[in-house]
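Remarks on the overall topology
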Amino acid sequence: MNKFEQLGLNESLLKAILDLGFENPSEVQEKAIPLLLEKDTDMVALAQTGTGKTAAFGFPLIQKIDADNRNTQALVLSPTRELCLQITNELKNYSKYEKGINVVAVYGGASITEQAREIKRGAQIIVATPGRMQDMINRGLVNIKNIDYCILDEADEMLNMGFYDDIVSILSDTPDEKSTWLFSATMPQEVARIAKQFMSDPLEITVGTKNSGSSTVSHEFYLVNARDRYEALKRLADANPDIFSVVFCRTKRDTQAIAEKLIEDGYSAAALHGDLSQAQRDGVMKSFRGRQIQMLVATDVAARGIDVDNVTHVVNYQLPDEIETYNHRSGRTGRAGKLGTSIVIVTKSELRKISSIERIIKQKFEEKTIPSGIEICEIQLLHLANKIKDTEVDHEIDNYLPAINNVLEDLSKEELIKKMVSVEFNRFITYYKKNRDISTQSSGERRERGDSEPREFNNNGAVRYFVNIGSRDNFDWMSLKDYLKETLDLGRDDVFKVDVKEGFSFFNTDPEHTDKVMDILNNVQLEGRRINVEISKNDGGGRRDHNNRGGGRNSGGPRREGNFAPRREGSGGGFRSDRNSAPRREGSGGGFRSDRNSAPREGGFRRNEGSSDRAPRRSESFGDSPRPRRPRRD
Ligand code: ADP
Ligand code: MG
């Protein structure tokens, strides 16, 4: 007798389980299934993510549903649309040999009338997100007054996302004598409150020990030149399209500045620090929890104790002054049994701090190199392909298809794919063609990537500038070079071909510094006189690459386009989620979850969570040291 059979599951389920390829029940399944099959009872089951909770309630649920009765008998509430679809799909798989069971998914961002119609046809099980469910109840499109089972899946997550009121209201629309099963990875107070309020004598199951955190966090460092810190951050974000991270800076000022830069460059970021009002901070945290923000840039004080599930990365943009603080930082990820990565962007002079931290955390760091432009392009391309594949089609689109088909009808499938993917890809390619490789290794040598990287990526065309200061201002080429380096916070060799005339001068930088040069230099004064810098029309010997640059601050990199969602201006610390700003509550429009196609990162069967995506926009690097009189943006 196989293990699932021993749990009391029937023939048709065993057959389905065979198809699923599950060999042995997981611990939570082993504990929950027999209890749920045996009697009608309330249950609270706590088990970490990825431990097979869906089947733990799904198998007994399918077995208990009366397939001959077309009325709605069970409601499963889940936090996001992705999860809702995922659970629906699983339940359909479990019940495929059980004739007559219908499972319907109800979630926002899709036609409500279509969903209502499906329910009308007879759905014994409804899997819903709370927001849409509430909507359907209000419109009288669904009847859950006679259900026998109500399942709250990922209850902690639902409450995190602010669904408390919806859940309470939905539950009060269900009969008292039903069974309620609550599944959750953690048991915060709000979950306990729901359990207390809506369950009677629930059986309790806990699987695994409370996670200490540390064993689920891996530590990595990336060695870069100080001036490449910001660029490195962007690349790490681009190389992890699903990143959901807390980025730590040392000071409030840096925190604000980095967040602003990221927002400007099109990332969904926000700052969290003590200079914000409580209301602003609450707003930022709410958006972060709701995944409208992918990169929360924070000071240590402001981020202390932040408890947000599923943070994929902690980024130490700068190491903390006190290395003990590192532990507090890295503990923001790897929570509730999830895996997390703590990244340190480090310069050569800080390298020895890494060893000190290793001693404190009793774990080793892995040294990694910042991905090259071509690697990032590959990652983004695959991510896009997967995203297209996984995109749910909203039938609203049907109305527009005739016109669209008209435009595209002459393209073959191959051409169409190429073009579609290029819409996104071109931006990355164009951006990274212009940007050199910034990886460095602690062995000291600059990593050579020439072999693996197409030549275009090593473009060294420089930009030549005209600036209205010269020997009349007591500069010679050396002192002007020094002045520019210092004012712009650039490295030794970043300013070159400095040519000083009486009332003006010329100099070169790599194109990636152009925005910075234009931004900063045009806003500083020299002895009361405004400095004026322009991109030189006269090549002056420097190979230029500035055809597209008007010199304005937004003329930089490939800003993300193809974003149909209305732009959302952030409250508080300000954030702008360039792409996924559509209604988030239901997890539509880029809600964050379940990337099932991606490989599990560690043994066991784990789901990768998180989604939404990212693109680089501008080339600009950002030093870490006291920044020169950087003009505040208005
Ligand atoms: P949770 O809800 O606890 O986060 P899921 O129910 O989403 O976890 O399950 C995570 C993954 O494990 C899914 O891909 C699921 O198909 C798989 N899985 C579940 N139970 C088993 C099992 N008994 N054996 C093998 N894989 C399983
Ligand atoms: Mg689950």
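Conventions and cut-offs
- Residues numbered from 1 in each chain as written.
- Chains lettered and ligands numbered in written order.
- Predicted model: local features only at pLDDT ≥ 70, side-chain atom pairs only at ≥ 80, totals over all residues.
- Heavy atoms only, no water.
- UniProt positions renumbered as here; feature names shortened; annotations may be inferred.
- Helix = DSSP H or I, 4+ residues; strand = E, 2+ residues; numbered from the N terminus.
- Buried < 20%, exposed > 50% of the residue type's maximum accessible area, 1.4 Å probe, protein only.
- Contact = heavy atoms within 4.5 Å.
- Areas by Shrake-Rupley, 256 points an atom, 1.4 Å probe, with all protein chains shown as cover.
- Phe/Tyr/Trp six-rings, centres within 6.5 Å; stacked < 30°, edge-to-face > 60°.
- Lys NZ or Arg CZ within 6 Å of the ring centre and 35° of its normal.
- Axes fitted to C-alpha atoms, helices over the stretch in contact; angles between N-to-C directions.
- Parallel < 35°, antiparallel > 145°, perpendicular 65-115°, else oblique.
- Left-handed = near helix turned anticlockwise from the far one by under 90°.
- Nonpolar A, V, L, I, M, F, W, Y, C, P; charged D, E, K, R; others polar.
- pLDDT = per-residue confidence, 0-100.
- Core = buried A, V, L, I, M, F, W, Y, C linked by side-chain atoms within 4.5 Å.
- Pairing = 2+ DSSP bridges.
- Expected span 1.5 Å × (residues − 1).
- Bend = angle between axes of the 7 residues up to and from the residue.
- Patch = residues over 30% accessible without salt bridge, like charges linked within 9 Å, V, L, I, M, F, W, Y side chains within 5 Å.
- Salt bridge = Lys/Arg side-chain N within 4 Å of Asp/Glu carboxyl O.
- Lys, Arg positive; Asp, Glu negative; His and termini not counted.

An unreviewed UniProt entry lists the protein under the name RNA helicase, from Flavobacterium soyae. Of the protein, the UniProt comment under Sequence similarities (unreviewed entry) reads exactly: "Belongs to the DEAD box helicase family."

**Examining the overall build of the protein**
A count of helices and strands for the protein gives 21 helices and 20 strands. Every one of the 634 residues in the protein was classed for burial, and the buried ones make up 57%. Across the protein, every contact between residues at least 6 apart in sequence was considered, and the portion connecting residues at least 24 apart equals 76%. For the protein, the accessible surface area stands at approximately 28,400 Å², while carbon and sulfur atoms represent 47% of it.

**Remarks on the packing of aromatic side chains**
This structure, assessed with the given rule, holds 13 aromatic pairs. Ring geometry for Tyr465 versus Phe507: centroids 4.8 Å apart, planes at 20 degrees, classification stacked. Taken together, the residues Tyr465 in strand β15 (residues 463-467) and Phe507 in strand β17 (residues 505-509) connect sequence positions 42 residues apart. In this structure Phe507 comes out as buried when scored by relative accessible area, which is 0%. When the ring centre of Tyr97 is taken as reference, the NZ or CZ atom of Lys15 above it lies at 4.3 Å.

**Looking at the environment of Ala192**
Along the polypeptide, Ala192 turns up in helix α10 (residues 189-198). With 37 residues separating them in the primary sequence, Ala192 and Ala155 have C-alpha atoms 9.9 Å apart.

**Notes on the packing of helix α9 (residues 164-171) against α10**
Look at α9 against α10: their axes get within 12 Å of each other, and the N-to-C directions meet at 10 degrees. The pairing of α9 with α10 is recorded here as roughly parallel in orientation. By crossing handedness, the relation of α9 to α10 is classed as right-handed. When α9 is examined against α10, the residues Tyr164, Ile167, Val168 and Leu171 are found in contact with a partner set consisting of Glu190, Arg193, Ile194, Gln197 and Phe198. Per-class residue counts for the contact of α9 with α10 are six nonpolar, one polar and two charged.

**Things to note about the confidence of the model for the protein**
In this model, the protein carries an average pLDDT of 78, and 79% of its residues clear a pLDDT of 70 or more. Counting contacts from residues 444-459, a segment whose pLDDT is below 50, to residues more than four positions away or on other chains yields 34 contacts. Under a pLDDT of 50 for its full length, residues 539-634 has, in the predicted model, 320 contacts with residues more than four places off or in other chains.

**Some thoughts on the nonpolar core**
The nonpolar side chains of soluble globular proteins are, as a tendency, buried together. Counting residues in hydrophobic clusters, the biggest one holds 42 residues, and the most contacted among them are Phe59, Leu61, Val76, Leu91, Ile125 and Trp181. Phe59 has contacts with Phe4, Leu9, Leu13, Ile17, Leu20, Phe22, Ile33 and Tyr94, leaving out every residue within four places of it along the chain. If you look at the next biggest cluster of nonpolar residues, it comprises 34 residues, including Ile126, Val142, Leu152 and Met199.

**Some remarks on the sheet that holds strand β16 (residues 496-500)**
The strand order across the open sheet built from four strands is β16-β17-β15-β20, with neighbouring strands paired in antiparallel fashion. Of all strands in the sheet, those bounded by a partner on one side alone are β16 and β20 (533-535). Across the sheet, the mean angle separating the axes of adjacent strands is 25 degrees when strand polarity is ignored. Relative to β17, β15 runs antiparallel, the two being bridged by five bridges. The residue bridging Tyr465 from the neighbouring strand is Phe507, located in β17. Sheet strands touched by helix α20 (residues 477-488): β16 and β17. Its angle to β16, the strand with the most contacts, is close to 120 degrees.

**Section: helix α19 (residues 413-433)**
With 21 residues, α19 ought to run about 30 Å at 1.5 Å a step, and its terminal C-alpha atoms sit 28 Å apart, in line with that. At Val423, α19 is bent by approximately 45 degrees, the largest bend along its length. Turning to α19, its buried residues number three or more, namely Val421, Glu424, Arg427, Phe428, Ile429, Tyr431 and Tyr432. As for α19, its buried residues are in contact with α11 (229-239) and α17 (373-390).

**Some words on a nonpolar patch on the surface**
On the surface, a nonpolar cluster with roughly 630 Å² of combined accessible area is contributed by Val393, Ile397, Tyr400, Leu401, Ile404, Val407 and Leu408. Among the residues examined, Leu401 registers a relative accessible area of 30% and is labelled partly exposed.

**Here's the deal with the packing of α17 against α19**
Close contact between α17 and α19 brings their axes to 10 Å; oriented N to C, the two are set at 165 degrees. One finds that α17 runs roughly antiparallel with respect to α19. For α17 against α19, the interelement crossing comes out right-handed. Between α17, through Gly373, Ile376, Cys377, Gln380, Leu381, Leu384 and Ile388, and α19, the contact on the second element is made entirely by Met420, Val421, Glu424, Phe425, Phe428, Ile429 and Tyr432. Class assignment for the residues of the contact of α17 with α19 results in 11 nonpolar, two polar and one charged.

**Focus on the sheet that holds strand β14 (residues 365-368)**
If you walk across this open sheet you meet the seven strands as β10-β11-β9-β12-β13-β8-β14, and the pairing is parallel. Of all strands in the sheet, those with a lone pairing partner are β10 (269-272) and β14, marking the two edges. Across the sheet, the mean angle from the axis of one strand to that of its neighbour is 25 degrees, orientation sign disregarded. Contacts from α11 reach β8 (217-223), β9 (245-248), β11 (295-298), β12 (313-316) and β13 (340-346), with the element oriented near 155 degrees to β13.

**Examining the side chain of Lys481**
Locating Lys481 in the fold gives a position in helix α20. Of the side chains with opposite charge, Asp493 lies nearest to the buried Lys481, which makes no salt bridge, at 5.0 Å. When neighbours within four sequence positions are excluded, Lys481 is seen to be in contact with Arg492, Val495 and Val498.

**Observations regarding the pattern of salt bridges**
Per the counting criterion, the structure on display carries 20 salt bridges. Between Lys252 and Asp275 there is a salt bridge, and its shortest N-O distance comes to 3.2 Å. Placement of Lys252 in helix α12 (residues 252-264) and of Asp275 in the loop between β10 and α13 (278-289) is noted, with a sequence separation of 23 residues between them. Classification of Lys252 as partly exposed rests on a relative accessible area of 41%. Here Asp275 falls in the exposed class, since its relative accessible area comes to 54%.

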